[in-house]
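Spelled out from the first residue to the last, the chains are:
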Number of protein chains: 2
Amino acid sequence: MSRVYNFSAGPSMLPLEVLEKAAAEMTEYGSSGQSVMEMSHRSKEYQAIIDNAEALVREIMHVPDNYTVMFLQGGASSQFAAIPMNLGIKNKKADYIITGQWAKKAADEAERYITVNRVASSADKTFSYIPQTDSSMFDSEADYCYICYNNTIYGTHYTENKIPDTKATLVADISSCVMAEEIDVTKFGILYAGAQKNLGPAGVTLVIVRNDLITEETLDGTPTMFKYSIHQKNGSMYNTPPTYGIYVLGLVLQWIKDKGGVKELQKINEKKAKILYDFLDSSEMFKGTVVPEDRSLMNVPFVTGNDELDAKFVAEAKANGFINIKGHRSVGGMRASIYNAMPIEGVEKLVEFMKKFEAENK
Amino acid sequence: MSRVYNFSAGPSMLPLEVLEKAAAEMTEYGSSGQSVMEMSHRSKEYQAIIDNAEALVREIMHVPDNYTVMFLQGGASSQFAAIPMNLGIKNKKADYIITGQWAKKAADEAERYITVNRVASSADKTFSYIPQTDSSMFDSEADYCYICYNNTIYGTHYTENKIPDTKATLVADISSCVMAEEIDVTKFGILYAGAQKNLGPAGVTLVIVRNDLITEETLDGTPTMFKYSIHQKNGSMYNTPPTYGIYVLGLVLQWIKDKGGVKELQKINEKKAKILYDFLDSSEMFKGTVVPEDRSLMNVPFVTGNDELDAKFVAEAKANGFINIKGHRSVGGMRASIYNAMPIEGVEKLVEFMKKFEAENK
């Protein structure tokens, strides 16, 4: 058994305890005589599993009762259409802040349905910062204002003071920071996250929507499967949900709870990020690509400034058990994604390895 | 270890060998140092897994090269919209045959986008038969003609002589009979199936489309995630696919191949169905609800004609390890879904139990 340290942007590492529990329960869940994968989604046994997952989301994220928690399919890319279809119904326009490729894709898809106002963008500097906005920049008639809270590719994230000061409903993609740092749900109308970074296996999307935003009315032509009201009414079981993925997500949530919740994980995540950023700030070879005040706790891009050296580092890192550390092609260099399940030792050993590499390649 | 016989309509039984292999590989897949669940979908390791799944689909179902095999999310309910959006573009009309609740839902969803001609229906007799049609009934201008090949709730299935004699492109939902009986792919423009009956875990939809039907053109407002061209171009990885589900689906396909493929499984399925139908035809208590010529190999509904006796049977069956045998509320009574993974012994033991119950409750 030689598990690697997986710095993938997602899907990525899961807690070993979770995988071991899933393995132990694979052929028989409790005394049910069956795998969770084999369970009818209409059975009492499975209802308890999905109810438990929802209860844990509510507890861990402090989701108030006036919000609906849904487990959907189709990833963030489906939400890019579902959000304007469900929310863009009054004035048919929305504000978007373009902080990277995913926010851009969300805006482009929304623009196929409603008027999109691109309030601000950090495209001028390869999305290496979060733009500062002020209340005057927002459309008072926008049906909502959309942000990507943590930008997986570019390694930036929002801090309190940069959250848009708008009267419109705030919508945030929190795929790569969900349950990794505390977020005040009550500030948002919609929070959503693909599971495959911090929550579990790919194929489940957690979507949290304030109830007053869920109505029968949607844009004309909205597919039934994209209507929040349908999934709300049916407790995420309008059709067969991704049952096994939701079960594993529940195991991950239980692990988060057992670790002391987001509060405690955030402390560890800040410690992990600090180890890596401190080294990047002191290194003569490796440099972080993001302005210090907007640095993500989860995704840490860095470069040597020399493509050949980058490639050599990525190859040697892999040979030493640090995998998926190559950066996204739009930034180049390297990226270490250090989600909740990445242990502190993983980051310490990576920095050790980087130091050794730097010494050997001066 | 006391695994039950699970007669659920889906999700349902999976081969024990598949579950055992998944469990054994859960914390480390091969020498990758990681779970499949943790793998980047952009990694070589994962590409090999999805390529293998596709190759097995092509081999097992004899899918010609001029068809695209896709693994999508959102279930059949998403295809209900995707099909008219992608195929209903020329004359914006289609023929549907209403053989049950799922065909009805497909037609209702399509009608939100195009003109739907309901050619025939078996609603008059609670969908207990497949309507006979002839070529004069079909619209020569229909963009496609839609059928549900096997009707999970009502226990009917198409046989060769009832397949629509239309010039339009044939589209079939084969969710509950995929790889359980031989189907000639070349007769169809689209074949699709939710995985959770014969193929693996819920959350993956197998969609097979003839290449000439995949164009950039779709109905206005089609979400990007509903465009077949996008998924074709990106090899089912436009966004993160349900990676683990596709892996388990690959394990199931390997199991099907090892069993001798669909040809051999169909023989076993015919044997299993015969055991059950022969008993139903001889029993004085239990009666099948479907006309003999349209009986499904996979879903076998039956009733005693007495609601109290039905309920007693369901309860006693459960206590004896035959679970999820209660019928769908629209048919009542019982339903035994006997998918590929249900062993012949499961059916034999069920019939034994039914005989005993009949004797005790005369």
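From a predicted model like this one, the values you see are computed outputs, not experimental measurements.

Caption draft 1: Examining the environment of Tyr144(B) more closely. All names here are of chain B. Within the secondary structure, Tyr144 sits in strand β5 (residues 144–148). Taking the C-alpha atoms as reference points, Tyr144 and Thr126, 18 residues apart in sequence, are found 26 Å from one another. Polar side-chain contacts of Tyr144 include one of 2.6 Å to the side chain of Tyr96.

Caption draft 2: Structural detail: helix α9 (residues 344–360) of chain A. All names here are of chain A. Helix length check: α9 (17 residues) gives 25 Å between terminal C-alpha atoms against 24 Å at 1.5 Å per residue, within 8%. For α9, the complete set of buried residues consists of Ile344, Gly346, Val347, Leu350, Val351, Phe353, Met354, Phe357 and Glu358. The secondary structure elements touched by the buried residues of α9 are β1 (5–6), α7 (261–282), β12 (299–303), α8 (307–319), β13 (322–323) and β14 (334–337).

Caption draft 3: Geometry of the confidence of the model for chain A. Of the residues in chain A, 100% reach a pLDDT of 70 or more, and the chain-wide mean stands at 97. Interface confidence for the predicted complex, given as ipTM, is 0.98, next to a pTM of 0.98.

Caption draft 4: Fine view of the pattern of salt bridges. All told, the structure shown has 36 salt bridges over all chains when counted by the stated rule. The partner of Asp139(A) in a salt bridge is Lys93(A), and the shortest N-O contact between them spans 3.3 Å. Taken together, the residues span a long stretch of sequence, with Asp139(A) in the loop between β4 (115–121) and β5 (144–148) and Lys93(A) in strand β3 (residues 93–98) at a distance of 46 residues. For Lys93(A), a relative accessible area of 22% puts it in the partly exposed group. Between Glu111(B) and Arg118(B) there is a salt bridge whose closest N-O contact spans 2.9 Å.

Caption draft 5: Spatial organisation of the relation of the copies chain B and chain A. It takes a turn of 180 degrees to lay chain B on chain A, together with a shift of 0.0 Å along the axis; the resulting RMSD is 0.0 Å. Both copies are brought into coincidence by an operation consistent with a two-fold rotation axis. It is Ala23(B) whose C-alpha, among those of chain B, lies nearest the rotation axis, at 2.2 Å. Taken together, the interface assignments show that 100% of the residues at the interface of chain B recur at the interface of chain A, consistent with an identical surface on both copies.

Caption draft 6: Seen up close, the pairing of β14(A). Residue and element names in this part refer to chain A. Burial along β14 is two-sided: Met334 and Ala336 and Arg335 and Ser337, pointing in opposite directions, are all buried. For β12 and β14, the ladder comprises 4 bridges, and the chain directions are antiparallel. Its bridge partner being in β14, Asn299 is matched across the sheet by Ser337.

Caption draft 7: Representation of the sheet that holds β14(A) in the model. All names here are of chain A. In spatial order, the strands read β11-β12-β14; together these 3 strands make up an open sheet with antiparallel pairing. The sheet is open, and its two borders are formed by β11 (287–288) and β14, each paired with just one other strand. Two strands pair when backbone bridges link them, and β11 and β12 are joined in this way by 2 bridges, in the antiparallel orientation. If you follow Lys287 over to β12, its bridge partner there is Val303.

Caption draft 8: Geometry of the interface of chain B and chain A. Each partner contributes to the interface: chain B provides 60 residues, whereas chain A provides 60 residues. In total, about 4500 Å² of surface goes out of reach between chain B and chain A, with carbon and sulfur atoms giving 54% of it. Of all residues in chain B, Thr27(B), Met37(B) and Glu38(B) give up the largest surface area on contact with chain A, accounting jointly for 14% of the area buried on that side. Put simply, chain B and chain A have 2 salt bridges between them. In this structure, the salt-bridge partner of Glu38(B) is Arg3(A), at a minimum N-O distance of 2.8 Å. Between the two partners, chain B and chain A, sit 26 residue pairs in polar contact (both at pLDDT 80 or more). Secondary-structure elements contributing two or more residues to the side of chain B that touches chain A are α1 (16–24), α3 (75–87), α4 (101–111) and α6 (243–258) of chain B.

Caption draft 9: Main features of the environment of Gly261(B). With respect to the helices and strands, Gly261(B) occurs in helix α7 (residues 261–282). Sequence separation between Gly261(B) and Ala180(B) is 81 residues, and the spatial gap between their C-alpha atoms is 9.1 Å.

Caption draft 10: Just the packing of α8(A) against α9(A), in detail. Residues and elements named next belong to chain A. Taken N-terminus to C-terminus, the directions of α8 and α9 make an angle of 130 degrees; their axes are 11 Å apart at the nearest point. One element, α8, and the other, α9, form an angle in the oblique class. For the crossing formed where α8 meets α9, the hand is right-handed. Residues Leu309, Lys312, Phe313, Glu316 and Ala317 of α8 lie in contact with α9, whose contacting residues are Leu350, Phe353, Met354 and Phe357. Looking at the contact of α8 with α9 residue by residue, the class counts come to 7 nonpolar, no polar and 2 charged.

Caption draft 11: Quick peek at the sheet that holds strand β10 (residues 205–210) of chain A. Residue and element names in this part refer to chain A. Reading across the sheet, the 7 strands line up as β2-β10-β9-β8-β5-β3-β4 and stay open at both edges, with mixed pairing between neighbours. Edge positions in the open sheet fall to β2 (67–72) and β4, since each of these has one partner strand only. Shown here is a sheet whose adjacent strand axes are inclined to one another by a mean of 15 degrees, direction ignored. Alignment of strand β8 (residues 169–173) against strand β9 (residues 190–194), held across 3 bridges, turns out to be parallel. Directly across from Ala172, in β9, lies its bridge partner Leu191.

Caption draft 12: Expanded view of the side chain of Thr224(B). Counting through the fold element by element, Thr224(B) comes out in the loop between β10 (205–210) and α5 (228–233). Exposure remark for Thr224(B): the relative accessible area of 12% places this residue in the buried category. Only 2.3 Å separates the side chain of Thr224(B) from the side chain of Glu109(A), close enough to count as a polar contact. Not counting residues within four places of it along the chain, the set of residues in contact with Thr224(B) comprises Glu109(A), Arg112(A), Ile230(B) and Tyr238(B).

Caption draft 13: Highlighting the layout of surface pockets. Taken as a whole, the second largest pocket spans an internal volume of roughly 1300 Å³. Lining the second largest pocket are 50 residues, with Gly10(A), Arg335(A), Ser40(B), His41(B) and Arg42(B) sitting closest to its centre. Of all elements in the fold, only α3 (75–87), α4 (101–111), α8 and β13 of chain A together with α2 (44–61) of chain B reach the threshold of two or more residues within the lining of the second largest pocket. Of the residues assigned to the lining of the second largest pocket, the class counts are 14 nonpolar, 26 polar and 10 charged.

Caption draft 14: Looking closely at the packing of aromatic side chains. Applying the stated criterion across every chain, the model contains 38 aromatic pairs over all chains. For the pair Tyr96(A) and Tyr146(A), a centre-to-centre distance of 4.7 Å together with 20 degrees between the ring planes defines the contact as stacked. Here Tyr146(A) lies in strand β5 and Tyr96(A) lies in strand β3, a separation of 50 residues in the sequence. Looking at Tyr96(A), the relative accessible area reads 0%, which means it is buried. A ring pair is formed by Phe279(B) and Phe286(B), whose centres lie 6.2 Å apart and whose planes are at 50 degrees; its orientation type is tilted. Since its relative accessible area comes to 6%, Phe279(B) is described here as buried. Feature note: the residues Tyr5(A), Phe7(A), Phe279(A), Phe286(A), Phe302(A), Phe313(A), Phe322(A), Phe353(A) and Phe357(A) constitute an aromatic cluster, connected by ring pairs.

Rules used in this analysis
- Residues numbered from 1 in each chain as written.
- Chains lettered and ligands numbered in written order.
- Predicted model: local features only at pLDDT ≥ 70, side-chain atom pairs only at ≥ 80, totals over all residues.
- Heavy atoms only, no water.
- Helix = DSSP H or I, 4+ residues; strand = E, 2+ residues; numbered from the N terminus.
- Polar contact = N/O pair within 3.5 Å; in protein donor to acceptor, adjacent residues only side chain to side chain.
- Expected span 1.5 Å × (residues − 1).
- Buried < 20%, exposed > 50% of the residue type's maximum accessible area, 1.4 Å probe, protein only.
- Contact = heavy atoms within 4.5 Å.
- pLDDT = per-residue confidence, 0-100.
- Salt bridge = Lys/Arg side-chain N within 4 Å of Asp/Glu carboxyl O.
- Least-squares fit on C-alpha atoms with pLDDT ≥ 70 in both.
- Pairing = 2+ DSSP bridges.
- Buried area = accessible area lost by both parts, 1.4 Å probe.
- Axes fitted to C-alpha atoms, helices over the stretch in contact; angles between N-to-C directions.
- Parallel < 35°, antiparallel > 145°, perpendicular 65-115°, else oblique.
- Left-handed = near helix turned anticlockwise from the far one by under 90°.
- Nonpolar A, V, L, I, M, F, W, Y, C, P; charged D, E, K, R; others polar.
- 1 Å grid on protein atoms, 1.4 Å probe; cavity = no way out; pocket = protein on both sides within 12 Å on 5 of 7 lines; lining within 4 Å.
- Points joined across faces, edges and corners; volume = space filled by probe spheres on them.
- Phe/Tyr/Trp six-rings, centres within 6.5 Å; stacked < 30°, edge-to-face > 60°.

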